[in-house]
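# A look at the structure
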Amino acid sequence: MSMTLKIVQAGDPVLRQAARPLSEDEIRGAAIQQLIVLMRETMRDAPGVGLAAPQIGESIRLLVIEDRAEYQQGIAPERLAERERAPVPFQVIANPVLTVLDPSPRRFFEGCLSVSGFAAITARHANVRVDGLDEHAEPVSIAARGWYARILQHEIDHLDGTLYVDRMLTRSFMTDASYRKHWLDRSVAEVSAALGRNE
Ligand code: ZN
């Protein structure tokens, strides 16, 4: 049996704060090492593809990500291809710094474990680099595009008090149930045409 942490929801002030950086000693210390394990279990239990520390009430610059192959089962290959979505191994990043390598917008539905039950079309940069520290406080540099880049941008936003609802196309905001009922197998272009653009 694994322990999980409570994921705070939109409206909790911690989600709107700028989180503080971690020292290398803190990252290597027992408290953060234990927190990383709990964040991993909480993310997997949700399940989600990323979790930032503010989402479990800790205002520190720490995130975990993982996009498992099993999460992608049942999604049509063409949907995975247009999202440039492929499995991402479990990774820990502390004090991440985002560099945009290609700012071309990529628009897809996105959700958040802290805005539970909803989704909206959200534009993200196509290609980014993230520099930070791993769980051993060793430097790590990640070049990511497509869905991987989206996950990283979403989680790093959390460390600056930003939610996807701040960036979404507001007319596409909907419940997960409506998404599954009406839009799951439609292209983003079709959805935009049907719901109206507001970008
Ligand atoms: Zn989120």
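My aim in this report is to walk through the structure given alongside it, one point at a time. (Residues numbered from 1 in each chain as written. Predicted model: local features only at pLDDT ≥ 70, side-chain atom pairs only at ≥ 80, totals over all residues. Heavy atoms only, no water.)

Across its full length, the protein holds six helices and six strands. Ordered by position from N to C terminus, the α and β elements of the protein give α-α-β-β-α-β-β-β-α-β-α-α. Taken over the C-alpha atoms alone, the protein extends approximately 50 × 35 × 30 Å along its principal axes. A sequence separation of at least 24 residues applies to 70% of the contacts in the protein between residues at least 6 apart. Surface accessibility of the protein: about 9700 Å² in total, with carbon and sulfur atoms responsible for 52%. Distance between charge centres in the protein, computed from 23 positive and 27 negative side chains, equals 7 Å. (Helix = DSSP H or I, 4+ residues; strand = E, 2+ residues; numbered from the N terminus. Contact = heavy atoms within 4.5 Å. Areas by Shrake-Rupley, 256 points an atom, 1.4 Å probe, with all protein chains shown as cover. Lys, Arg positive; Asp, Glu negative; His and termini not counted. Charge placed at Lys NZ, Arg CZ, Asp CG, Glu CD.)

Bringing the pattern of salt bridges into the picture now. In total, this model carries 21 salt bridges according to the counting rule given. Between R124 and E110 there is a salt bridge, with its nearest N and O atoms 2.6 Å apart. Linking R124 in strand β4 (residues 118-133) with E110 in strand β3 (residues 88-110), this pair joins segments that are 14 residues apart in sequence. For the pair R124 and E110, one class covers both residues: buried. R186 is the salt-bridge partner of E190, the closest N and O atoms lying 3.6 Å from each other. Residue E190 is classed as partly exposed on the basis of its relative accessible area of 39%. A relative accessible area of 33% places R186 in the partly exposed class. Through salt bridges that share partners, R40, E41, R44, E66, R68 and E70 make up one connected network. (Salt bridge = Lys/Arg side-chain N within 4 Å of Asp/Glu carboxyl O. Buried < 20%, exposed > 50% of the residue type's maximum accessible area, 1.4 Å probe, protein only.)

What follows deals with the coordination of the zinc ion. Here the zinc ion is held by the protein donor atoms C112 (SG), H154 (NE2) and H158 (NE2), which lie 2.0 to 2.3 Å from it. Counting residues between consecutive donors of the zinc ion along the chain gives the motif C-x41-H-x3-H. With C112 in the loop between β3 and β4 and H158 in helix α4 (residues 146-159), this residue pair connects regions lying 46 residues apart in the sequence. (Donors = N, O, S within 2.8 Å, 3.2 Å for Na, K, Ca; no water.)

Our focus in this paragraph is the packing of aromatic side chains. Tallied over the full model, the rule gives three aromatic pairs. Each ring, one from F118 and one from F173, has its centre 5.0 Å from the other, and the planes form 10°; the classification is stacked. Here F118, found in strand β4, pairs with F173, found in the loop between α4 and β6 (174-175); they are 55 residues apart in sequence, far enough to count as distant. Since its relative accessible area comes to 32%, F118 is described here as partly exposed. For F173, a relative accessible area of 33% corresponds to the partly exposed category. The ring of F90 has R44 lying over it, and the distance from NZ or CZ to the ring centre is 5.8 Å. The lysine or arginine in question, R150, covers the ring of W147, its NZ or CZ lying 5.2 Å from the ring centre. (Phe/Tyr/Trp six-rings, centres within 6.5 Å; stacked < 30°, edge-to-face > 60°. Lys NZ or Arg CZ within 6 Å of the ring centre and 35° of its normal.)

Here we come to the layout of surface pockets. Approximately 1100 Å³ is the volume found for the largest pocket. For the largest pocket, the lining is made up of 34 residues, of which R85, F109, E110, G111 and W147 are closest to its centre. Elements with a minimum of two residues in the lining of the largest pocket: β3, β4, α4 and α5 (176-183). Residue composition of the lining of the largest pocket, by class: 15 nonpolar, ten polar and nine charged. Approximately 210 Å³ is the volume found for the second largest pocket. Around the second largest pocket, the lining comprises 13 residues; the ones closest to its centre are A123, R124, H125, Q153 and R167. Counting only elements with at least two residues in the lining of the second largest pocket, the list comes to β3, β4 and α4. Ranked by residue count, the leading element in the lining of the second largest pocket is β3, at four residues. When its residues are assigned to classes, the lining of the second largest pocket shows five nonpolar, four polar and four charged. (1 Å grid on protein atoms, 1.4 Å probe; cavity = no way out; pocket = protein on both sides within 12 Å on 5 of 7 lines; lining within 4 Å. Points joined across faces, edges and corners; volume = space filled by probe spheres on them. Nonpolar A, V, L, I, M, F, W, Y, C, P; charged D, E, K, R; others polar.)

Before going further, it helps to examine unusual backbone geometry. With omega at -15°, the peptide bond leading from A46 into P47 counts as cis. Not every positive phi belongs to a glycine, and N95 is a case in point at roughly 50°. Here A137, not a glycine, exhibits a phi torsion of approximately 65°, which is positive. Here A137 lies in the loop between β4 and β5 (139-145).

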